[in-house]
Amino acid sequence: MAKNDRANFGSKLGVILASAGSAVGLGNIWRFPYETGNHGGAAFILIYLGCILLLGLPIMIAEFLIGRRSRANTARAYQKLAPGTHWRWVGRMGVLAGFLILSYYAVVAGWTLEYIFEAATNGFAGKTSGEFISSFQQFSSSPWRPVVWLVAFLLITHFIIVKGVEKGIEKSSKIMMPTLFIIILILVVCSVTLPGAGAGIEFLLKPDFRNVFLSAMGQAFFSLSLGMGCLCTYASYFSKETNLTKTAFSVGIIDTFVAILAGFIIFPAAFSVGIQPDSGPSLIFITLPNVFQQAFSGVPILAYIFSVMFYALLAMAALTSTISLHEVVTAYLHEEFNLSRGKAARLVTGGCVFLGIFCSLSLGVMKGFTVFGLGMFDLFDFVTAKIMLPLGGLCISLFTGWYLDKKIVWSEITNDGSLKVPVYKLIIFILKYIAPIAISLIFINELGLIKL
Ligand code: TRP
């Protein structure tokens, strides 16, 4: 792609669905439920929703405007808007974060391929919940199978990236996102009607406040694909007519809705079959096969169809997210180091395979190898979601609220005055004061930087 001839998304709906495709992924259906489970249910969700509204949406608008204004990869974007300043490190940190996230995200995305395979070969039929737990543990800690799936998933991502994504993402998102949505709704109904589901619903709705702010904030950034220039890169493909504020709201609403519904699938089901809500990353892989088996126990063919479809769609949702992560790093290497797009993509894929293998092995044979008490997989997750993304968000809000010329901000948000944006002043106020203060306070308090 030539530098001043950047591709555009074709339609308004395409913009929303491609951005929502980036946002909706394993973060919603895999990470959100287990973080909720680890942090006391309803309290976590309340703070999470607060973070989405107060931090997520304004920062998403800021990323959009930086991307669309500069029409460049995220590192170049800061160089263009703030030449010769240190702001370029915000973009570079984002590229690094994207690379790290992709490396461990692809491990979990690989697991979804194994589960498609299991479901399609009828491997779930007749298993008990104890068996689902032990077979997941066996699978995820084995040295070979997850690595093969991880490489396969990165190769699929690679293949789409080198083909050029715009048409592919936009078109497939238009089919996949609504289908995913319908299946999710059906599963919610199945899950809440399982015997003993009530305890799970209570867990979701009854708050129990503990130390949850950093995790909830990290999850909000992760789920919205924020803080590392992902949506900024996508926005560099937006057209002049795109309403940034409306797009941000649509993406935020879709993403939050999917996450909450995923909660209503997982917890009633988990409580119903006696699985602990704080089982961590394995949570959806041990509860969901159960939902399929139990909810359709009378009609095995339905259990079969729904499990195959669900994991296929989960893999697709993950794919639209891995593509967006891959694109950030590929666009950066391609444009900054004068590499061809193919070569840039090969470097990214190769690097992620390398790191991803270590992440995968850290759940099995390399369990003993830890840094700060965390294995590679958990370390990558912690450092990116709980440190780099909120830190990126802090920098983005300071950059847009304080550094960037007010005229630029105004002309991007209102499309040169042609849109009425009633919340304009509120957005600016949040970017200037509320977001930086809130993020800093959460950092100071929960990382133990200062003991209050
Ligand atoms: N938001 C995606 C999900 O929920 C993952 C993702 C894609 C992401 N791009 C990102 C996370 C950028 C953080 C930053 O699965």
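Keep in mind the model is a prediction, meaning the values are calculated, not measured. Along each chain, numbering runs from 1 in the same order as the chain's sequence is written. In view of the model being predicted, local features appear only for residues whose pLDDT reaches at least 70, and side-chain atom pairs are presented and counted only at 80 or more, with totals across whole chains, interfaces and linings using the full set of residues. As a rule here, side-chain values come from all non-hydrogen atoms in the structure, and water together with hydrogens is ignored.

Novice: Any chance you could explain the overall build of the protein chain here in plain terms?
Specialist: Numbered from the N terminus, helices here are DSSP runs of H or I no shorter than four residues, and strands are runs of E no shorter than two. Along the protein chain, the regular secondary structure elements total 18 helices and zero strands. Within these notes, the globule rule equals 2.2 Å times the number of residues to the 0.38 power, and the radius of gyration is based on C-alpha atoms. Against the 2.2 N^0.38 benchmark of 22 Å for 452 residues, the protein chain shows a C-alpha radius of gyration of 21 Å, consistent with a compact globule. Taking the principal axes of the C-alpha coordinates as reference, the protein chain spans close to 65 × 50 × 45 Å. Across the 452 residues in the protein chain, those meeting the buried criterion constitute 59%. Sequence separation of at least 24 residues holds for 82% of the intrachain contacts in the protein chain that already meet a minimum separation of 6. In short, Shrake-Rupley with a 1.4 Å probe defines the accessible areas, and a residue's cover is counted only from the protein chains shown. Accessible surface for the protein chain amounts to roughly 17700 Å². Of this, 68% is attributable to carbon and sulfur atoms. For every residue, the accessible area (1.4 Å probe, protein chains only) is compared with the maximum for its type, and the residue is labelled buried under 20%, exposed over 50%, or partly exposed between those bounds. Note on contacts: a residue pair qualifies if any of its non-hydrogen atoms lie within 4.5 Å across the two residues.

Novice: Looking at this structure, I do not really get the pattern of salt bridges. What am I missing?
Specialist: Pairing between side chains of opposite charge can happen when the charged atoms of each approach one another. We define a salt bridge as a side-chain nitrogen of Lys or Arg found within 4 Å of a carboxyl oxygen belonging to Asp or Glu. All told, the structure shown has eight salt bridges when counted by the stated rule. Across the salt bridge formed by Arg76 and Glu336, the nearest N and O atoms sit 3.1 Å from each other. With Arg76 in helix 4 (residues 74-81) and Glu336 in helix 14 (residues 300-336), this pair connects stretches of sequence that are 260 residues apart. Taking relative accessible area as the criterion, Glu336 reaches 24% and is therefore assigned partly exposed. Taken together, the shared-partner salt bridges connect Arg31, Glu35, Asp381 and Lys386 into one network.

Novice: Just to check I follow, could you spell out the site of the ligand for this structure?
Specialist: Around the ligand, the structure places 17 residues, and the nearest of them are Ala23, Gly27, Tyr105, Phe222 and Ser225. In this structure, Tyr105 approaches the ligand through a side-chain N or O atom, which is 2.5 Å from an oxygen atom. Definition of a polar contact: a pair of N or O atoms within 3.5 Å, with one able to donate and the other able to accept a hydrogen when the atoms are protein atoms, and with sequence-neighbouring residues admitted only if both atoms are side-chain atoms. Between the ligand and the protein, one listed contact pairs a nitrogen atom with a side-chain N or O atom of Ser324 at 3.5 Å. If the ligand stood free it would expose 360 Å²; the protein chains cover 100% of that surface. Contributing elements (two or more residues each) for the shell around the ligand: helix 1 (12-23), helix 2 (26-38), helix 5 (88-120), helix 10 (213-223) and helix 14. One heavy atom suffices: a residue is near a molecule or strand as soon as one of its heavy atoms comes within 4 Å of it.

Novice: How do you make sense of the packing of aromatic side chains when you look at a structure like this?
Specialist: Describing an aromatic ring pair means giving the distance of the ring centres and the angle of the ring planes. Pairing of aromatic side chains here covers Phe, Tyr and the six-membered ring of Trp, requires ring centres within 6.5 Å, and sorts the geometry by plane angle: under 30 degrees stacked, over 60 edge-to-face, intermediate tilted. Applying the stated criterion to the full structure yields 31 aromatic pairs. Aromatic side chains Tyr115 and Phe124 sit 5.8 Å apart centroid to centroid with 45° between the ring planes, which places their arrangement in the tilted category. When the centroid spacing of 5.6 Å and the interplanar angle of 85° are considered together, the rings of Trp402 and Tyr433 count as edge-to-face. With Trp402 in helix 16 (residues 376-403) and Tyr433 in helix 18 (residues 424-446), this residue pair connects regions lying 31 residues apart in the sequence. Pairwise contacts between aromatic rings join Trp30, Tyr34, Tyr104, Trp111, Tyr115, Phe124, Phe132, Phe136, Phe285, Phe310, Tyr311 and Phe377 into one cluster. Taking the ring centre of Phe222 as reference, the NZ or CZ of Arg31 above it sits at 5.0 Å. Criterion for a charge above a ring: Arg CZ or Lys NZ at most 6 Å from the ring centre, at most 35 degrees from the ring normal. When the ring centre of Trp89 is taken as reference, the NZ or CZ atom of Arg92 above it lies at 4.7 Å.

Novice: How should I be thinking about the side chain of Glu335 in this particular structure?
Specialist: Position of Glu335 among the secondary structure elements: in helix 14. Residue classification places Glu335 among the buried residues on the basis of a relative accessible area of 8%. Engagement of the side chain of Glu335 in a polar contact is seen with the side chain of Asn73, the distance being 2.8 Å.

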